[in-house]
Amino acid sequence: MDIEIRHDQSVTLWENSSNNIKLIHHWELERITGLKQHGRSFYNLNQAKKLLDLLLSQYNLKLEDIQEIWGSPQLQTEIIFSETELPNITFHSLAHLYSGLLMDMDCFKNETILALSVDGGSDSALDSVGMKKCHFVGAVSEKGEIIDIIPICSPGLIWGIAAKLFNMREGTLMALANSSKSSLYEHENALIPIRHMGYYQWIEEYINELKEKVFNLSESDEGILFNGFDLRFTKEENKISMIMKEIQRLSIQMMCKNIDEIIDKYQLDATKVYVSITGGYALNCPTNSYIMKKYGFKGFVAPPCVSDCGISIGIGLYAFYKHIGCNFNFKLENAFYGNQDNRVTEIVTEFPWEKHVKSFALMDMKQCVEDIINGPIVWFYGRAEIGPRALGNRSLLADPRNKDSKNKLNIIKKREWWRPVAPVILEEDIDDWFIDVYPSPFMLHTFKIKENKNELIPAVMHIDGSSRLQTVNKTQNAILYEVIRTFKEKT
């Protein structure tokens, strides 16, 4: 049925062995159905059960073998969240919050964490999500104890309104903002009301006023109200880019106001605190990097599936925390908890694909690097990564030194020519290439390329000289690490 009460729907299979928690598998329905951000409901309960039995069959399990089911009203065996516990906060926002807070229990037990759950709003599967509830929350935890959970505001709502207004997805709008050179002069952002859903009307008014101002600009305003049109883009793209630059600035202000108020209230020293940002807005890499640099946080904690596709992980971790407290062990070691498909060779040797295959050979690192240089190539290995970003097991790899690599990748992916592509780099080499850099294994941060290096990697450089970076080490992905190391030796 084409009825949406959730999107980016997912299922997570856990194992609890003497309070040692293991994430066995994380299924994202869009990877199964091909429906982007899968939001379609099942036709009935029986259809949902059939799919779950099919997914569990690879572990010789059936739904009846599962001890506890959480998070879907018609399937769950236990209600783990009661609206009387936190009557003013949605469970959706808590699920995001806990997916970051508890993704590394050693960090949670031994450190102080400032956590923010920021997206575009909650689903209606588990909550009555009217305007009376807070859809966005912050929290402070200290050595395994959650000190407080408080309402905050979320820029995600602004981006959701803009996405509908311009009929572009949020990631596309963020890319357009950073790709065009056009920008407004001295535009003042409105005052920021820090409330939960109460500022929705204010945001709509702000965006509509901003759109009217920018869409009325003409060449006669160049050098007076804005710096000029970037001739590589249409006028409409220029104007949307100018608007989104302002929305990005406002978004960062909102996030900083959230953080400032929490730091002030709990007298935190940011240099001794980890920050966790989850929810769809956590995919806004420039914001994450700005916050890390401005406050000097000790570290950044967030899973690769920060958007709604990670809700089921947050629900599971919340349930374990509710039952066991912090007396369990868990760490999300890497991003590779998705499907493993061993049928690739079988598929490409059968009709209709076999005529396109020239030859087969065992993996050879040097040949692989040659193919990348002559590429792009499809890199398909092991278990799929979870979350919306390609992180090295279902990726397209190309030579960052070749400026045409970006164009080729965007053609393959059927994206706009100006969409950026991301570099993946050996973790130990990041200081040689980037400024104020730290590990970014899940591609959630943006860093400036060093001036003496930016001409060497034009395919992955944004217009402002930055890149959205993924770091890799031997523990996270040994074979991709070896590919990049061999590429480094060759080039």
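This is a predicted model, so every value here is computed, not measured.

S.K.: Explain the overall build of the protein to me, using residue names and the numbers behind them.
M.R.: Scanning the protein for helices and strands turns up 15 helices and 12 strands. Taken over C-alpha atoms, the radius of gyration comes to 23 Å for the protein, in line with the 23 Å a tight globule of 491 residues would show. In terms of principal-axis extent, the alpha carbons of the protein reach across some 65 × 60 × 45 Å. Within the protein, contacts between residues at least 6 apart in sequence are counted, and of these 72% link residues at least 24 apart. Surface exposure of the protein reaches about 24200 Å², of which carbon and sulfur atoms provide 50%.

S.K.: Summarise the layout of surface pockets; cite the residues concerned and give the values.
M.R.: If you add up the space inside the second largest pocket, you get close to 1400 Å³. Looking at side-chain class alone, the lining of the second largest pocket contains 27 nonpolar, 15 polar and seven charged residues.

S.K.: Give a description of empty space enclosed by the protein that names residues and reports values.
M.R.: This model, assessed by the stated rule, comprises two cavities of 30 Å³ or more. Estimated volume of the largest cavity: approximately 70 Å³. Lining the largest cavity are Asn334, Ala335, Phe336, Leu391, Pro441, Phe442, Gln470, Thr471, Val472, Gln476 and Asn477. Counted by class, the lining of the largest cavity contains six nonpolar, five polar and no charged residues. Looking at the second largest cavity, its volume works out to about 30 Å³. Taken together, Arg6, Phe91, His92, Asp123, Leu126, Asp127, Ile311 and Ile315 form the lining of the second largest cavity. Going through the elements one at a time, α3 (91-101) and α10 (311-324) are the ones with two or more residues in the lining of the second largest cavity.

S.K.: Could you give an account of the packing of helix α12 (residues 365-373) against helix α15 (residues 478-490), naming the residues involved and the relevant values?
M.R.: At a minimum axis separation of 9 Å, α12 and α15 run at an interaxial angle of 70 degrees. With respect to each other, α12 and α15 are oriented roughly perpendicular. Contact with α12, carried on its side by Met365, Lys366, Cys368, Val369, Glu370, Ile372 and Ile373, involves Ile479, Glu482, Val483, Thr486, Phe487 and Lys490 of α15 and no other residues of that element. Classifying every residue of the contact of α12 with α15 by side-chain character gives eight nonpolar, one polar and four charged.

S.K.: Provide a residue-level description of the pattern of salt bridges, including the pertinent values.
M.R.: Summed over the entire model, instances satisfying the criterion amount to 18 salt bridges. Across the pair arginine 343 and aspartate 341 runs a salt bridge whose closest N-O atoms are separated by 2.9 Å. For arginine 343, a relative accessible area of 45% puts it in the partly exposed group. By relative accessible area, which is 26% here, aspartate 341 ends up partly exposed. For glutamate 416, the salt bridge goes to arginine 419, with nearest N and O atoms at 3.4 Å. Through salt bridges with shared partners, a single ionic network connects Glu28, Glu30 and Arg31.

S.K.: Describe the nonpolar core, with residues and values.
M.R.: In this structure, Met244, Phe297 and Phe328 are the most contacted members of the largest nonpolar core, which totals 120 residues. Of the residues forming this core, the biggest block, 14 residues, is contributed by helix α8 (residues 235-266). Not counting residues up to four positions away in its chain, the partners in contact with methionine 244 are Trp159, Ala162, Phe166, Leu173 and Ala177. With 14 residues, the next largest nonpolar core counts Val369, Ile372, Leu397 and Leu426 among its residues.

S.K.: An account of the environment of valine 424 is requested, with residue identities and associated values reported.
M.R.: Structurally, valine 424 is set in strand β10 (residues 424-426). Judged by its relative accessible area of 27%, valine 424 is partly exposed. C-alpha of valine 424 to C-alpha of glycine 121: the two residues are 303 residues apart in sequence and 32 Å apart in space. With sequence-adjacent residues up to four places away left out, valine 424 is seen in contact with Gln470, Val472, Leu480 and Ile484.

S.K.: Mind laying out the packing of helix α5 (residues 156-166) against α8, listing which residues take part and the relevant values?
M.R.: Any two packed helices are characterised by how steeply their axes cross, that is the angle between the axes, and by the distance between the axes. Taken N-terminus to C-terminus, the directions of α5 and α8 make an angle of 165 degrees; their axes are 11 Å apart at the nearest point. Taken as axis vectors, α5 and α8 run roughly antiparallel relative to one another. Of the two elements, α5 crosses α8, and the hand of that crossing is right-handed. On the side of α5, the interface is formed by Ile158, Trp159, Ala162 and Phe166, while α8 contributes Ile240, Ile243, Met244, Ile247, Gln248, Leu250, Ser251 and Met254. Residues that form the contact of α5 with α8 fall into these classes: 10 nonpolar, two polar and no charged.

S.K.: Tell me about the sheet that holds β10, and please be specific about residues and values.
M.R.: Overall, mixed pairing links the three strands, which are arranged β10-β12-β11 in an open sheet. Pairing within the sheet leaves two strands with one partner each, and these edge strands are β10 and β11 (445-448). Between one strand axis and the next, the sheet turns by 60 degrees as a mean value, whatever way the strands run. Pairing analysis gives four bridges linking β11 to strand β12 (residues 466-472), with the strands arranged antiparallel. Looking at the pairing, lysine 448 lines up with serine 466 of β12. Sheet strands in contact with α15 are β10 and β12, and its direction is about 80 degrees off that of β10.

S.K.: Lay out the sheet that holds strand β5 (residues 145-151) in plain terms, naming residues and giving numbers.
M.R.: Read from one edge of the open sheet, five strands run β5-β4-β3-β6-β7, paired in mixed fashion. Among the strands making up the open sheet, the edge pair consists of β5 and β7 (299-300). Where strand β6 (residues 273-278) lies against β7, two bridges are found, and the strand directions are parallel. Paired with tyrosine 274 across the two strands is glycine 299, which belongs to β7. In the packing of α3 onto the sheet, contacts are made with β3 (112-117), β4 (137-142), β5 and β6, and the angle to β3 comes to roughly 145 degrees. The strands that α8 touches are β3, β4, β5 and β6; relative to β3, the one it contacts most, it runs at about 145 degrees.

Cut-offs applied
- Each chain has its residues counted from 1, following the order in which its sequence is written.
- Only residues with pLDDT of 70 or above have their local features reported here, since the model is predicted, and side-chain atom pairs are shown and tallied only from 80 upward, although totals for entire chains, interfaces and linings are computed over all residues.
- Excluded from the side-chain calculations are hydrogens and water; all other atoms, namely the structure's heavy atoms, are used.
- Numbering of helices and strands runs from the N terminus, with a helix taken as a DSSP run of H or I at least four residues long and a strand as a DSSP run of E at least two residues long.
- As defined in this context, the radius of gyration uses C-alpha atoms, and a globule is described by 2.2 Å times the residue total to the power 0.38.
- Any two residues whose heavy atoms approach within 4.5 Å are treated as being in contact.
- Here the open area of atoms and residues is found with the Shrake-Rupley method and a 1.4 Å probe, where only the protein chains shown may cover a residue.
- Cavity: a set of points on a 1 Å grid over the protein atoms alone where a 1.4 Å probe fits but cannot get out. Pocket: an open set with protein on both sides within 12 Å along at least five of seven lines, its lining residues, like those of a cavity, having an atom within 4 Å of a point.
- Grid points are joined across faces, edges and corners, and a volume is the space filled by probe spheres set on the points.
- All residues other than Ala, Val, Leu, Ile, Met, Phe, Trp, Tyr, Cys, Pro, Asp, Glu, Lys and Arg, Gly among them, are scored as polar; the first ten of these are nonpolar and the last four charged.
- Only the contacting stretch of a helix is used when fitting its axis, a line to C-alpha atoms as for every element, and angles between N-to-C directions run 0 to 180 degrees.
- Under this scheme an angle from 65 to 115 degrees is roughly perpendicular, one under 35 degrees roughly parallel, and one over 145 degrees roughly antiparallel; angles in between are oblique.
- One side-chain nitrogen of Lys or Arg within 4 Å of one carboxyl oxygen of Asp or Glu is enough to make a salt bridge.
- Three exposure classes are used, based on accessible area relative to the maximum for each residue type with a 1.4 Å probe and protein chains only: buried under 20%, partly exposed in between, and exposed over 50%.
- Only buried residues count toward a nonpolar core. Its members are Ala, Val, Leu, Ile, Met, Phe, Trp, Tyr and Cys residues joined through side-chain atoms within 4.5 Å.
- Handedness of each helix crossing follows the sense of rotation of the near helix against the far helix: counterclockwise by less than a right angle gives left-handed, clockwise gives right-handed.
- The criterion for strand pairing is that DSSP finds at least two bridges linking the strands in question.

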